[in-house]
Amino acid sequence: MSAKRTKRVLPIEENCMGCRLCEVACAIEHSEFKDPLLTFFQGKPQSFTVVEVDGAFSFSLNCRHCDEPYCVEACITGAMHKEHDGRVIVYEDLCIGCYMCVVSCPWGAVNPKEGSKKAAKCDLCPDRELPACVQACPNRALVYDTSEELIFFLPEEEEEPFIEG
Amino acid sequence: MAKYLIAGNSVAAVSAIQAIRSIDADGEIVVLSPERITAYCRPLITYILAGDVEEWRLPYKRESFYQQNNVKVLYGVALEGVDTEKRVAYLSDGDTMPFEKLLLAVGGKPFIPPIENVEGPDVYTYTTVSDMNALRERLAEIKRVVVVGAGMIGMKVAEALKKCGKEVTIVELMDRILPMVLDRKGSEFAERALDKAGVSYVLGDSVVGIHRDASGRVKQVELKSGTKIDCDTVVVAVGVRPNLEPVKDSGIETNRGIIVDDTLETNVEGIYAAGDCAEAYDIILGQKRPNLVWPVAYRQGFIAGLNMAGYRRRYVGGFPINSIGFFGFQVCSAGMSAVEDEVNGSFEILTYVDEEKGVYRKAVIGNNRLLGFAVIGDVRRAGLYTGLIWSRMDVSYFKDKLVTDVSFPEAIYPLEGALPAMNFSSRKSIRRFGWAVFPYSYRRLFTGYSARIEEICAFDEKGVCLYGGDDDQG
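In this text the structure is predicted, and so the values were computed from the model without any measurement.

About the thresholds
Numbering of residues starts from 1 in every chain and runs along the sequence as written. Working convention: letters from A go to chains and numbers from 1 go to ligands, in the order in which they are written. The predicted origin of the model limits local features to residues at a pLDDT of at least 70 and limits the giving and counting of side-chain atom pairs to 80 or more, whereas totals for whole chains, interfaces and linings rest on all residues. For the side-chain quantities, the full set of heavy atoms in the structure was used; hydrogens and water were omitted. A run of H or I in DSSP counts as a helix once it spans at least four residues, and a run of E counts as a strand once it spans at least two, with each numbered from the N terminus. Burial status follows relative accessibility: with a 1.4 Å probe on protein chains alone, a residue under 20% of its type maximum counts as buried, one over 50% as exposed, and anything between as partly exposed. Contact criterion: two residues are considered in contact whenever any of their non-hydrogen atoms come within 4.5 Å of each other. Values of accessible area rely on a 1.4 Å probe in the Shrake-Rupley scheme; residue burial ignores everything except the protein chains shown. Only Phe, Tyr and Trp rings take part, Trp by its six-membered ring, and two of them pair if their centres are within 6.5 Å. Stacked means planes under 30 degrees apart, edge-to-face means over 60, and tilted covers everything else. Whether a charge lies above a ring is judged from NZ of Lys or CZ of Arg, which has to be within 6 Å of the ring centre and within 35 degrees of the ring normal. Strands are labelled as partners when DSSP assigns at least two bridges between them. As annotated, the domain borders come from an automatic or database domain assignment. The term buried area refers to how much accessible surface (probe radius 1.4 Å) is lost by two components on association, counted for both of them together. Take a side-chain nitrogen of Lys or Arg and a carboxyl oxygen of Asp or Glu: if they are within 4 Å of each other, that pair is a salt bridge. A 3.5 Å cut-off defines polar contacts: any pair of N or O atoms within that distance qualifies, except that in protein one atom must be a possible hydrogen donor and the other a possible acceptor, and neighbouring residues in sequence count only when both atoms are side-chain atoms. We call Asp, Glu, Lys and Arg charged. Ala, Val, Leu, Ile, Met, Phe, Trp, Tyr, Cys and Pro are nonpolar, and the rest, Gly among them, are polar.

If you tally the helices and strands in chain A, you get five helices and eight strands. Seen in sequence order, chain A has helices and strands lined up from the N terminus as β-α-α-β-β-α-β-β-α-β-β-α-β. Counting the 165 residues in chain A, one finds 59% classified as buried. At a minimum sequence separation of 6, the contacts of chain A that also span at least 24 residues come to 55%. Carbon and sulfur atoms make up 54% of the accessible area of chain A, which totals about 7,200 Å².

Structural data, given as structure tokens:
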């Protein structure tokens, strides 16, 4: 419903070769150390993006930052929140770890945080200009853009029912 | 004259306010709040009782939310009745209020089964803040508690009271814990957690009477089997039913809940219902039924709000989604997850058990579509199953991996049998349940564009997803 479209990380599966660098980059960016060795040996690495593999092809699936997010609807405390800039983020101090968001997200993009009873998800890397996964991708299989140009994938007959007059 | 009158002040009311304000910035909104506080998070009351969560976290929305949205809230006022002819609402403070559009978000109320001597002190229900305060006031003198019902509320109350150091016994009519969610096998996992925590439970039995001493205080409950359990407090948590009191004899059609059409409108024009009190379409059953869960209430409130403000939007349907954890046990479920047997082959049940790790996954399939699931222990990516229920996709061609292999970030959690990246020849045999196994057109649509799956997904006239089948290009 927002007038301004949210920029999100979009996968281009034709370009992905399943190297999983995006998973590693995400885990490093969201660890307390921001260092590869410390993250994997001392921290609790967790990646918010998942490389999905089916046979020879693959793509990296991440939070869609939906316009009407399932996880925000399901959140009983208001910890899961849609920001004005369109990002869907979780306020950890409000989160009680009921995992209603985990079971609601059809993309499987919200998951329990490693090592604590909180939800964790993609925050589009607020400290960086470009999300870590996009920057790490050697193949441009992830782009950071609005999804406006992809609207033509909508089936035509679905245009009518939900807007009238 | 209120342009929009909203009876009730919980999640459905909050989302309706947001929806109305996204279309109509000025129309007067009046909210009737039966309780004297802003909208709050109901499930949190057990966390607060247990002392896990500070009380300041209780509100779902604060006073500033109502101010920012220019909403007038009447605290301590409930809806008593509706005159659909004169379009007037009767309030509990004796006032009347004319309205243009009315949203019935009056919620549910706890069901109290016929138990002898159930009226009187020391017997509680547990759904509101005042219930919590009543129980908390007496907390110091409580020693032994009987919780009637092993549903969501019952288990959370039992956990909270146990954490307060009370002796807790749970009595459940059905033969399993969380009977709406778990089957016998799943219940075993929950029972193990209860045993470990030292909570006793009686399954397959019900409370028929409460014995009180001369001063009226509870001293014992009697079960149907004849067993007597000593206790000083009883918490009745056998379920919540839609609250139909305010619409009694008003001409608004009701069944188990207030019947609404696909715009959440009742049979009376301009009167809408949403949340626990509404009986709306359920996409799993294919018929209307009340779904008393938080996400459904939010969605219904939102769609009702849009329709009230004149923006036509269809409510596609809902289904129960639940997630609950107690004593280290965690289950996420949706839909018909408790189905136990394959009734004449109309259901197919897939299970995966890993006793060592305490992981149990179960999927119920009917007509090649996912109808429900329960995931115990490892709940990562449990939402993938919920997405399948929303899309009503044909799951037959990845059924073999549906509950056994779920894709996780393998660089971080190496899976058993993980294959080297970029080695396409050895990857050929890999098929792990996740978005990659979905049809090409479907995943292109939903990974590239942010949309509600249930609204965009195209169905044929039988309600079967058109993206079914393996149209994989890879």
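Under the defined criterion, the tally for this structure stands at 20 aromatic pairs over all chains. Judged by centre distance (5.8 Å) and plane angle (45 degrees), the rings of Phe398(B) and Phe438(B) are tilted. With Phe398(B) in the loop between helix H8 (383–391) and helix H9 (424–427) and Phe438(B) in the loop between H9 and helix H10 (440–448), this residue pair connects regions lying 40 residues apart in the sequence. As far as the burial class goes, Phe398(B) and Phe438(B) line up, both buried. The aromatic ring of Phe111(B) is capped on one face by Arg241(B), whose charged end is 4.0 Å from the ring centroid. Lying across the ring of Tyr70(A), Arg452(B) places its NZ or CZ 3.9 Å from the centre.

Looking now at the sheet that holds strand E17 (residues 258–259) of chain B. Residues and elements named next belong to chain B. One open sheet accounts for three strands, arranged E17-E19-E20; its pairing is mixed. Single-partner strands in this sheet number two, and they are E17 and strand E20 (287–289). Alignment of strand E19 (residues 278–282) against E20, held across three bridges, turns out to be antiparallel. Each residue of the ladder has a partner; that of Asp282, found in E20, is Gln287.

Residues and elements named next belong to chain B. By domain assignment, chain B separates into domain 1 (2–43 + 59–109 + 241–308), domain 2 (123–238) and domain 3 (339–456). Spacing between the C-alpha centres of domain 2 and domain 3 amounts to 36 Å. In this assembly, nine residues from domain 2 lie in contact with nine residues from domain 3. Buried area between domain 2 and domain 3, both sides added, is near 710 Å², and the carbon and sulfur share of it is 57%. Ranking the residues of domain 2 by area buried against domain 3 places Asp183, Lys185 and Phe189 at the top, with a combined share of 65%. Residue Lys362 is joined to Asp183 by a salt bridge in which the shortest nitrogen-to-oxygen separation is 3.0 Å. Where domain 2 meets domain 3, there are five residue pairs in polar contact (both at pLDDT 80 or more). For the side of domain 2 that touches domain 3, a count of residues per class yields three nonpolar, one polar and five charged.

Right, let's get into the environment of Lys86(B). Residues and elements named next belong to chain B. Here Lys86 is to be found in the loop between strand E4 (79–83) and strand E5 (88–91). Look at Lys86 and you get exposed, because its relative accessible area is 61%. Residues Lys86 and Thr404, spaced 318 residues apart in sequence, show a C-alpha to C-alpha distance of 59 Å.

A separate point is H8(B). Residues and elements named next belong to chain B. For H8, the buried fraction is high: nine of the nine residues fall into the buried class. If you check which residues of H8 are buried, you get Gly383, Leu384, Tyr385, Thr386, Gly387, Leu388, Ile389, Trp390 and Ser391. The first or second residue beyond H8 is Arg392, which carries a positive phi of 55 degrees.

Turning next to unusual backbone geometry. All names here are of chain B. For Asn70, which is not glycine, the phi dihedral falls at a positive 55 degrees. Looking at the element boundaries, Asn70 is found in the loop between helix H3 (63–68) and strand E3 (71–75). The phi dihedral of Asp122 falls on the positive side, at around 70 degrees, and the residue is not glycine. By secondary structure assignment, the location of Asp122 is in the loop between strand E7 (108–110) and strand E8 (123–124). Judged by relative accessible area, which is 4%, Asp122 ranks as buried.

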